[in-house]
Amino acid sequence: MSEPQTAAELIQQGLVHHRAGQISLAMDRYTQVLRNDPRNADALYYIALIACHEGQFQQGIDLARRSLSFRPRQARALNLIGQALHRIGKIEDALQSFDSAIECDANLAGAYSNRANMLSELGRNSEALSSFDRALALDPSSAPDWLNRGATLHGVGRHEDAIASYDKAIALDQDFCVPHCNRAHVLTDLGRDAEALASYDRAIALEPKMAEAYLGRALALKKLSRLDDALASVDKAIAIKADVAKMHEARASLLRSLGRDEDARAADTHAAELQTQKNGPSQS
């Protein structure tokens, strides 16, 4: 007869299953730990992680807080709570949780990264950039952080710095389509339309269903006076995502430039209908 397994052994087995995507087997091990020891902070944390991964954010928050009640000052649990709070729209509370995580572990790169994203959403761009820089000092290989840093830089008009940040993201992950598309947006703002077109084309090659890239590509082509190609590109965008008003507005503008005024009016009408649907019924 085998010896009873320790909590540490069961947690380790759970982690092996967890990393392999075998969530039900992982849960079996974690819950077995809790049956023997309801105060086990590790098991509670890993179950909270699964809950959040499955979209049960409030349950994840409650479990992570329970874990903290038995083992305070867990940076990872505070970081997880912050991520879950963000997903349920509590941005300020999420920011406080990331700050608490950093107080517990000043070297937790993910907490600085998450904190930066919250600050950026709140429009506190200077603080966001400082937090991104700290995250990247701790983990320079994070392509998403270079991407999000680039978006923040673009938002404050630091175009060349934004391109450099997107280039870093691309160098780290050449198959990551979003930095190519975002880089193209910046190049368009700078009037470097041929370069922007090449970046949009690269994004589309990586993700052929990226409607935003087709739309941006259409605008770059329009500025390059390639109106028929631009119309074909915006039609591609609409075929992928037909319910976005700005795409039909762009189509209307192109049709007008091509002298197709009646078609342009129809596209404008459709754009207005979509915008009304998005905004909801007007209050009388």
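Quick note: structure is the one above.
Rules behind the numbers
- Residues numbered from 1 in each chain as written.
- Predicted model: local features only at pLDDT ≥ 70, side-chain atom pairs only at ≥ 80, totals over all residues.
- Heavy atoms only, no water.
- Helix = DSSP H or I, 4+ residues; strand = E, 2+ residues; numbered from the N terminus.
- Buried < 20%, exposed > 50% of the residue type's maximum accessible area, 1.4 Å probe, protein only.
- Contact = heavy atoms within 4.5 Å.
- Areas by Shrake-Rupley, 256 points an atom, 1.4 Å probe, with all protein chains shown as cover.
- Lys, Arg positive; Asp, Glu negative; His and termini not counted.
- Charge placed at Lys NZ, Arg CZ, Asp CG, Glu CD.
- Axes fitted to C-alpha atoms, helices over the stretch in contact; angles between N-to-C directions.
- Parallel < 35°, antiparallel > 145°, perpendicular 65-115°, else oblique.
- Left-handed = near helix turned anticlockwise from the far one by under 90°.
- Nonpolar A, V, L, I, M, F, W, Y, C, P; charged D, E, K, R; others polar.
- Expected span 1.5 Å × (residues − 1).
- Arc of directions from axis to C-beta.
- 1 Å grid on protein atoms, 1.4 Å probe; cavity = no way out; pocket = protein on both sides within 12 Å on 5 of 7 lines; lining within 4 Å.
- Points joined across faces, edges and corners; volume = space filled by probe spheres on them.
- Disulfide = S-S within 2.5 Å.
- Salt bridge = Lys/Arg side-chain N within 4 Å of Asp/Glu carboxyl O.
- Phe/Tyr/Trp six-rings, centres within 6.5 Å; stacked < 30°, edge-to-face > 60°.
- Lys NZ or Arg CZ within 6 Å of the ring centre and 35° of its normal.

S.K.: Looking at this model, I keep getting lost on the overall build of the protein chain. Mind explaining?
M.R.: The helix and strand tally for the protein chain stands at 16 helices and 0 strands. When the backbone C-alpha atoms are referred to their principal axes, the protein chain occupies close to 85 × 45 × 45 Å. Residues classed as buried in the protein chain amount to 42% of the 284 residues present. Excluding contacts between residues fewer than 6 apart, the proportion of contacts in the protein chain whose partners are at least 24 apart in sequence is 43%. In the form shown here, the protein chain has an accessible surface area of approximately 14900 Å², with 48% of it arising from carbon and sulfur atoms. With 33 positive and 38 negative side-chain charges, the protein chain shows a spacing of 2 Å between the two charge centroids.

S.K.: Sorry if this is basic, but what is going on with the packing of helix H2 (residues 23-36) against helix H3 (residues 41-53) here?
M.R.: Direction vectors running N to C along H2 and H3 enclose 150°, while the axes themselves pass 9 Å from each other. Classified by the interaxial angle, the pair formed by H2 and H3 is roughly antiparallel. Like other packed secondary-structure pairs, H2 and H3 cross with a definite hand, here left-handed. Here Ile23, Met27, Tyr30, Thr31, Val33 and Leu34 of H2 lie close against H3, whose contacting residues are Ala43, Leu44, Tyr46, Ile47 and Ile50. For the contact of H2 with H3, the residue count by class is 10 nonpolar, 1 polar and no charged.

S.K.: Help me understand helix H12 (residues 193-206) in this model?
M.R.: Since the α-helix advances by 3.6 residues per turn, residues separated by three or four positions end up pointing in the same direction. A rise of 1.5 Å per residue sets the reference length of H12, with its 14 residues, at 20 Å; its end C-alpha atoms lie 20 Å apart and thus fit the reference within 8%. Three or more residues of H12 are buried, namely Asp193, Ala196, Leu197, Ser199, Tyr200, Ala203 and Ile204. The buried residues of H12 occupy one face: seen down the axis, they fall within an arc of 165°. The outward face of H12, more than 90 degrees from its buried face, is lined by the exposed residues Ala194 and Ala205.

S.K.: Looking at this model, I keep getting lost on helix H16 (residues 261-279). Mind explaining?
M.R.: A rise of 1.5 Å per residue sets the reference length of H16, with its 19 residues, at 27 Å; its end C-alpha atoms lie 27 Å apart and thus fit the reference within 8%. For H16, the complete set of buried residues consists of Ala264, Ala267, Ala271 and Leu274. For H16, the buried positions fall inside an angular range of 85° around the axis, keeping them on one side. More than 90 degrees from the buried face of H16, the exposed residues found are Glu262, Arg265 and Gln277. Elements that come into contact with the buried residues of H16 comprise helix H15 (245-257). A positive backbone phi angle near 85° is found at Gly280, which sits one or two residues after H16.

S.K.: I tried to follow the layout of surface pockets on my own but got confused; where do I start?
M.R.: In this approach a probe as big as a water molecule rolls over the atoms, and the regions it shows empty are the leftover space. The space that makes up the largest pocket amounts to roughly 200 Å³. Considering the residues around the largest pocket, the lining is formed by Cys52, Phe57, Leu80, Gln83, Ala84, His86, Arg87, Phe98, Asn114, Asn117 and Met118. The leading source of residues in the lining of the largest pocket is helix H5 (residues 75-87), at 5 residues. For the lining of the largest pocket, the residue count by class is 6 nonpolar, 4 polar and 1 charged.

S.K.: Please clarify how the state of the cysteines should be interpreted in this entry.
M.R.: Put plainly, two cysteines are in a disulfide when a covalent bond ties their sulfur atoms together. The tally for this structure, following the rule as stated, stands at 0 disulfides. The thiol sulfur of Cys104 is not disulfide-bonded, and the nearest other cysteine sulfur, from Cys52, lies at 18 Å. Not part of a disulfide, Cys181 finds its nearest cysteine sulfur in Cys177, a span of 7.7 Å. A relative accessible area of 1% places Cys181 in the buried class.

S.K.: Is there a simple way to explain the pattern of salt bridges in this structure?
M.R.: Pairing of side chains with opposite charge becomes possible as their charged atoms draw close. Inspection of the entire model under this criterion finds 17 salt bridges. Put simply, Lys223 and Asp193 hold a salt bridge, and the shortest N to O gap is 3.2 Å. Pair noted here: Lys223 is in helix H13 (residues 211-223) and Asp193 is in helix H12, with a separation of 30 residues, a long-range link. Among the residues examined, Lys223 registers a relative accessible area of 46% and is labelled partly exposed.

S.K.: Hey, could you run me through the packing of aromatic side chains in this one?
M.R.: Working definition: an aromatic ring pair is given by the centre-to-centre distance plus the angle between the planes. Under the counting rule described, the total for this entry stands at 2 aromatic pairs. Both rings, one in Tyr45 and one in Tyr46, keep their centres 5.2 Å apart while their planes meet at 70°; by these two values the pair is edge-to-face. Grouping residues by exposure puts Tyr45 and Tyr46 together as buried. Through successive ring pairs, a cluster of aromatic residues spans Tyr30, Tyr45 and Tyr46. Positioned above the aromatic ring of Tyr45 is the side chain of Arg76, whose terminal nitrogen or guanidinium carbon lies 4.2 Å from the ring centre. Sitting over the ring of Tyr46, Arg76 keeps its end group 5.2 Å from the ring centre.

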